[in-house]
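Inside the fold
Given next are the chains, with one letter for each unit.
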Amino acid sequence: MSMLMRTANDRANTEASALIAAACLFHGFQDPSRLAILQHLALGEHRVVDLTAHLGLAQSTVSKHLACLKDCGLVSSRPEGRASVFSLNHPEALMDLFAAAERLLGLTGDAVTLCPRYGITATESA
């Protein structure tokens with residue numbers, strides 16, 4: 001295989017890997033509860049009990065979503081007594097992403113929520 005072909009294959013593999021990573025990241029944002037947790041953590045550090053009280057979610061739900069977000073590298077925790085305190089790992093980048101999403105949603109209007117594949121109706125019937 002020529003050097004040119006290897007370089008082209010390496011570039012294609014790198015691009016494919018980047019797309020897979022991006023898809024995984026956006027999959028992590030798919031659940032509204034995870035988004036609410038991330039938005040709340042943008043206000044500052046919180047314990048699970050704080051998040052359950054502020055968001056009206058069950059403790060098990062918050063813990064499950066925090067574990068997912070931690071596995072994805074989006075949040076981290078530190079022990080405080082018998083509890084763990086959670087915070088965002090990259091708050092500026094996350095706020096930039098949320099702002100970009102709001103701009104894009106403003107441009108698409110209802111198209112996203114009306115999408116027959118991923119919109120509200122499709123989600124409710126799944």
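Residues numbered from 1 in each chain as written. Predicted model: local features only at pLDDT ≥ 70, side-chain atom pairs only at ≥ 80, totals over all residues. Heavy atoms only, no water.

Below, the discussion takes up the overall build of the chain. Along its length, the chain carries 7 helices and 3 strands. Along the first, second and third principal axes, the C-alpha atoms of the chain reach 60 × 40 × 25 Å. Residue pairs at least 24 apart in sequence account for 45% of intrachain contacts in the chain once pairs closer than 6 positions are excluded. Taking the average place of the 10 positive charges on the side chains of the chain and the average place of its 12 negative ones, the gap between the two points comes to 6 Å. (Helix = DSSP H or I, 4+ residues; strand = E, 2+ residues; numbered from the N terminus. Contact = heavy atoms within 4.5 Å. Lys, Arg positive; Asp, Glu negative; His and termini not counted. Charge placed at Lys NZ, Arg CZ, Asp CG, Glu CD.)

The geometry of helix H3 (residues 48-55) relative to helix H4 (residues 59-71) is characterised by a closest axis approach of 9 Å and an angle of 115° between their N-to-C directions. Crossing of H3 against H4: the hand is right-handed. Residue-level inspection shows Val48, Leu51 and Thr52 of H3 in contact with H4, the latter providing Gln59, Val62, Ser63 and Leu66. In the contact of H3 with H4, the residues fall into 4 nonpolar, 3 polar and no charged. (Axes fitted to C-alpha atoms, helices over the stretch in contact; angles between N-to-C directions. Left-handed = near helix turned anticlockwise from the far one by under 90°. Nonpolar A, V, L, I, M, F, W, Y, C, P; charged D, E, K, R; others polar.)

A few words on the packing of aromatic side chains. For the structure shown, the criterion picks out 2 aromatic pairs. Geometrically, the ring pair formed by Phe26 and Phe29 is edge-to-face, given 6.3 Å between the ring centres and 65° between the ring planes. Looking at Phe29, the relative accessible area reads 9%, which means it is buried. A connected cluster of aromatic rings, assembled from ring pairs, spans Phe26, Phe29 and Phe98. (Phe/Tyr/Trp six-rings, centres within 6.5 Å; stacked < 30°, edge-to-face > 60°. Buried < 20%, exposed > 50% of the residue type's maximum accessible area, 1.4 Å probe, protein only.)

This paragraph deals with the pattern of salt bridges. Going through the model one piece at a time under the given rule, you end up with 3 salt bridges. With its nearest N and O atoms 3.0 Å apart, the salt bridge here joins Asp50 to Arg47. Here Asp50 falls in the partly exposed class, since its relative accessible area comes to 21%. For Arg78, the salt bridge identified is with Glu80, shortest N-O distance 3.3 Å. Exposure remark for Arg78: the relative accessible area of 34% places this residue in the partly exposed category. Given the relative accessible area of 42%, Glu80 is considered partly exposed. Shared partners join several salt bridges into a network, and the residues in it are Glu45, Arg78 and Glu80. (Salt bridge = Lys/Arg side-chain N within 4 Å of Asp/Glu carboxyl O.)

Before going further, it helps to spend a moment on the pairing of strand S3 (residues 83-88). Of the strand pairs in this sheet, strand S1 (residues 46-47) and S3 are connected by 2 bridges, and their pairing is antiparallel. Opposite His46, over in S3, you have Phe86 as the bridge partner. Alignment of strand S2 (residues 75-80) against S3, held across 6 bridges, turns out to be antiparallel. When the bridges of S3 are listed, Val75 appears paired with Leu88. In textbook terms, the turn of a hairpin is the stretch between consecutive antiparallel strands, and for S2 and S3 this stretch comprises 2 residues, one of which, Gly81, has a positive phi near 65°. (Pairing = 2+ DSSP bridges.)

All right, on to the nonpolar core then. Ile37, Leu38, Leu41, Leu66 and Val75 are the most contacted members of the largest nonpolar core, which has 15 residues in total. Other than its neighbours up to four places away in sequence, Leu66 contacts Ile37, Leu41, Val48, Leu51, Val75 and Phe86. (Core = buried A, V, L, I, M, F, W, Y, C linked by side-chain atoms within 4.5 Å.)

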